[in-house]
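Remarks on the overall topology
Each chain, written out:
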Amino acid sequence: MTSTTRLTVAQALVRFLAAQYTERDGERRRLIGATWGIFGHGNVAGVGQALLEHADLMPYHQGRNEQAMVHAAVGYARQSNRLSTHAVTTSIGPGATNLVTGAALATVNRLPVLLLPGDTFASRTADPVLQQLELPHAGDVSVNDTLRPVSRFFDRVTRPEALIPAALQAMRVLTDPVETGAVTLALPQDVQAEAYDWPDAFFADRIWTVRRPAPDPAELAAAVTAIRAARRPLVVAGGGVHHSRAEAALAAFAEATGIPVAATQAGKGSLRWDHPQDVGGIGHTGTATADELARTADLVIGVGTRYTDFTTASHTLFTGEDVRFLNVNIAAFDAHKLAAAPLVADARTALELLTEALASPGHRTADSYVTEYTEDKERWEQRVDAAYEAEEPDVRPTQTQVLGALDALVDETDVIINAAGSLPGDLHKLWRTRSRDQYHLEYGYSCMGYEIPAAIGVKMAAPDRPVWALVGDGTYLMMPTEIVTAVQEGVAITLLLVQNHGYASIGGLSESVGGERFGTAYRYLADDGTFTGAPLPVDLAANAASLGMRVLRAKTVRELREALALARTADTPTCVYVETETADTVSGPPPAQAWWDVPVAETATRPSAVKARELYERHVSTRRRHL
């Protein structure tokens, strides 16, 4: 006779989650390391009571905003190499819909997170319940259905016994390197509290093996042939290099062949910045070295990249007459992009096999090609030095000088987190990445408000490492809430808060497309109805301090260096606040080295828009479809 244990659905789910593990290369990790939660009537008596009942099995973290809890879980998952993540529980209604942005971010970036929103009564005995969405044409729809398009797996557990297949499928998707992303189990609040006799086997330790599939032999042979025939090959390293822990394999491949390696935002750090084959970021925010190599490449070897428009410069970057693509990717969907020859496999496994196959007989690119990109890289590094340099230490710094001060301080143990604004472009061009996981840019969804909660998640996964959240004033105002969480739990993140009085990135973009920086400055309303008056007297440093952070104000380059050094050694949540020059006229970042398609008004009377449209049409004419 099968032994059983009588528990509520919520209690059974918590016990089940506590017994799930991943394993890759002999490393075993707990899959769900903790659960974040904000409680309301939709989960307080269900999942909330279960977390209390089983506090010895499942750590709990208290959040302030549901979206931010997902960001924290995603930061933890990325730092844990996708082998471990967190769950997030919410009530019904706005608590559930607040998950949507975080879920989209997780799925876009292929990072696992488990969402457990409360739902309306499955029995419909209390109908309509508080916060219930009523649709006259569909009685089985709730606000949780907004999570369907941004989830890699979605199920609504309307009966206790339905939890068993739903939970197993959820774990399968979370641990699948091809399918992973946000996973949602919607939990009706009456079902959460309902008891059932669960088979004890449901609670036994279960190990989910994270696969490293090898390439098809025919695809591997074709890839080797293509590489041997290439005169100007270029590797584009994406986030899949990090997810696979393929950095050492990529370095060995690059060193053996001499092929240069450019990196996407997600792939930056695949090689150290000073590795001989590293040529920096690629695409709209890339380096001149990488982008020129891309324009003249005859073979582009994508490794773990999904080729976003920033990477391809909206399909205007890879313009060599005979350019072809070879894509190494664990997902066939991405491996076939740009009419590429696919090599569908785990990145580390594929790179190791490619290196081995090319070694006999030996294959290496021409010395003249190596000399060319090496000298170009040296020239680019001189431009980085110029952007970072601050000859006058007692003046207000520019944004790039802020990065220069931080660059001079950190070592390979630091983690730098950013997601939105003008900082991602500067970082991609300029930052000198010292370790595989130092550069933590969320640029798949580029979500304002990600940085602070993600830093908490990263610090939880790597408590002994300095973790920096780089945030502009616009992003800070989106979501400073989890500062309270960091203070409450003693998570010693460091917030580098840059005040430039508005949406600096979009302001620059607006100006370039004829928008004249409309609606992008944080200023008083002027007499002509535009926001061009004096800067607002908003004190973000005081705000951070009011939420419990230790705040260090820096007015000059010298004070900034001192504050950063002090903050790096702090054992409590600390904020370094600095106001930057609004125009980088002295040591600003190098301009964009490749285009990005933001459509410009086809008809307009304002001269700025007319001029921008003329330039736009010239760029559009260079777009290429790779067939």
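Here the structure is shown first, and the text comes after it.
First, a word on scope: everything that follows refers to the structure included in this document. Just so it is clear, the structure is predicted and the values come from calculations on it, not from any experiment. (Residues numbered from 1 in each chain as written. Predicted model: local features only at pLDDT ≥ 70, side-chain atom pairs only at ≥ 80, totals over all residues. Heavy atoms only, no water.)

**A look at the overall build of the chain**
A tally of regular secondary structure across the chain gives 24 helices and 23 strands. Taken over the C-alpha trace, the chain has a radius of gyration of 25 Å; the compact-globule value for 627 residues is 25 Å, and the two agree within 12%. The principal-axis extent of the C-alpha atoms belonging to the chain is close to 75 × 70 × 55 Å. Every one of the 627 residues in the chain was classed for burial, and the buried ones make up 57%. Summarising the internal contacts of the chain: among those between residues at least 6 apart in sequence, 77% fall at separations of at least 24. Total accessible area on the chain stands at roughly 25,000 Å², and carbon and sulfur atoms take up 53% of it. Charged side chains of the chain number 56 positive and 74 negative; the gap between the two group centres comes to 2 Å. (Helix = DSSP H or I, 4+ residues; strand = E, 2+ residues; numbered from the N terminus. Rg over C-alpha atoms; globule rule 2.2 N^0.38 Å. Buried < 20%, exposed > 50% of the residue type's maximum accessible area, 1.4 Å probe, protein only. Contact = heavy atoms within 4.5 Å. Areas by Shrake-Rupley, 256 points an atom, 1.4 Å probe, with all protein chains shown as cover. Lys, Arg positive; Asp, Glu negative; His and termini not counted. Charge placed at Lys NZ, Arg CZ, Asp CG, Glu CD.)

**Examining the nonpolar core**
Ranked by internal contacts, the top residues of the largest apolar core, which has 47 residues, are V88, V113, L115, Y476 and L495. When residues no more than four places from it in sequence are discounted, the contact partners of V113 are V70, A73, V74, T85, H86, V88, A106, L174, G181, A182 and V183. Grouped together as the second largest cluster of nonpolar side chains are 34 residues, A10, F16, I32 and F153 included. (Core = buried A, V, L, I, M, F, W, Y, C linked by side-chain atoms within 4.5 Å.)

**So, the sheet that holds strand β3 (residues 27-30)**
Across the sheet, 3 strands lie side by side as β3-β2-β11; this open sheet has mixed pairing. Sheet topology places β3 and β11 (206-209) at the edges, where each strand pairs with a single neighbour. Pairwise comparison of adjacent strand axes, ignoring direction, gives a mean angle of 30 degrees for this sheet. The pairing of strand β2 (residues 20-24) with β3 spans 4 bridges and is classified as antiparallel. Its bridge partner being in β3, Y21 is matched across the sheet by R30. (Pairing = 2+ DSSP bridges. Axes fitted to C-alpha atoms, helices over the stretch in contact; angles between N-to-C directions.)

**Let's talk about the layout of surface pockets**
For the second largest pocket, the calculated volume is near 300 Å³. If you go around the second largest pocket, you meet 19 residues; those closest to its centre are T120, R124, G139, D140 and V141. Looking at the lining of the second largest pocket, its residues break down into 8 nonpolar, 5 polar and 6 charged. (1 Å grid on protein atoms, 1.4 Å probe; cavity = no way out; pocket = protein on both sides within 12 Å on 5 of 7 lines; lining within 4 Å. Points joined across faces, edges and corners; volume = space filled by probe spheres on them. Nonpolar A, V, L, I, M, F, W, Y, C, P; charged D, E, K, R; others polar.)

**Some words on a nonpolar patch on the surface**
Together, F39, V44 and Y60 make up a nonpolar patch on the protein surface, roughly 240 Å² of accessible area in all. As for its position among the elements, F39 is in the loop between β4 (32-37) and α2 (44-53). Taking relative accessible area as the criterion, F39 reaches 34% and is therefore assigned partly exposed. (Patch = residues over 30% accessible without salt bridge, like charges linked within 9 Å, V, L, I, M, F, W, Y side chains within 5 Å. Salt bridge = Lys/Arg side-chain N within 4 Å of Asp/Glu carboxyl O.)

**Considerations on the pairing of strand β7 (residues 113-119)**
The side chains of a regular strand alternate, first on one face of the sheet and then on the other. Burial of β7 is extensive: 7 of the 7 residues sit out of reach of the surface. The two faces of β7 match: V113, L115, P117 and D119 on one face and L114, L116 and G118 on the other face are all buried. Relative to β7, strand β6 (residues 85-90) runs parallel, the two being bridged by 4 bridges. Bridging across to β7, A87 finds its partner in L114. Where β7 lies against strand β9 (residues 182-188), 5 bridges are found, and the strand directions are parallel. The residue bridging L115 from the neighbouring strand is T184, located in β9.

**Thoughts on the side chain of T365**
On the secondary structure map, T365 appears in the loop between α14 (347-358) and α15 (367-388). In this structure the side chain of T365 is engaged in a polar contact, spanning 3.4 Å, whose partner is the backbone oxygen of G258. Setting aside its immediate chain neighbours within four residues, T365 contacts P233, T257, G258, I259 and V370. (Polar contact = N/O pair within 3.5 Å; in protein donor to acceptor, adjacent residues only side chain to side chain.)

**Focus: the packing of aromatic side chains**
All told, the structure shown has 12 aromatic pairs when counted by the stated rule. Centroid distance Y369 to Y373: 5.6 Å. Interplanar angle 85 degrees. Geometry classified as edge-to-face. Of this pair, Y369 and Y373 both sit in helix α15, 4 residues apart, which is roughly one turn of the helix. Take Y369: its relative accessible area is 3%, and that puts it in the buried class. Considering the side-chain rings of W595 and Y616, the 5.6 Å spacing of their centres and the 55 degrees angle between planes classify their relative orientation as tilted. Here W595, found in the loop between β23 (574-579) and α24 (607-620), pairs with Y616, found in helix α24; they are 21 residues apart in sequence, far enough to count as distant. Linked through ring pairs, F16, Y196, W198, F202 and F203 together constitute an aromatic cluster. Above the face of the W273 ring, R432 is positioned so that its terminal group lies 5.0 Å from the ring centre. The ring of Y577 is capped by R553, whose NZ or CZ atom sits 5.7 Å from the centre of that ring. (Phe/Tyr/Trp six-rings, centres within 6.5 Å; stacked < 30°, edge-to-face > 60°. Lys NZ or Arg CZ within 6 Å of the ring centre and 35° of its normal.)

**A word on empty space enclosed by the protein**
Taken as a whole and judged by the stated rule, the model has 4 cavities of 30 Å³ or more. Looking at the second largest cavity, its volume works out to about 170 Å³. Lining the second largest cavity we find 21 residues, and of these K268, W273, D278, G280 and W431 sit closest to its centre. Residue classes in the lining of the second largest cavity are distributed as 8 nonpolar, 6 polar and 7 charged.

**Thoughts on helix α5 (residues 99-108)**
In terms of burial, α5 is largely enclosed, as 7 of its 10 residues are buried. The complete set of buried residues in α5 reads L99, G102, A103, A104, L105, A106 and T107. Where the residues of α5 are buried, they touch α3 (66-79), β6, α4 (94-97), β7 and β9. One or two residues past the end of α5 sits R110, with phi positive at roughly 60 degrees.

**Structural notes on the environment of P535**
Its location among the elements puts P535 in the loop between α21 (504-512) and α22 (540-546). Separated by 59 residues in the primary sequence, P535 and A594 have C-alpha atoms spaced 33 Å apart. Discounting chain neighbours no more than four positions away, the residues touching P535 are H501, Y522, R523 and Y524.

**Side note on the pattern of salt bridges**
Here the structure, examined in full by the defined rule, presents 35 salt bridges. Here R613 makes a salt bridge to E617, at a shortest N to O gap of 3.1 Å. In this pair, R613 and E617 are both assigned in helix α24, 4 residues apart and thus about one turn of the helix distant. Overall, the relative accessible area of 16% leaves R613 in the buried class. Among the residues examined, E617 registers a relative accessible area of 44% and is labelled partly exposed.

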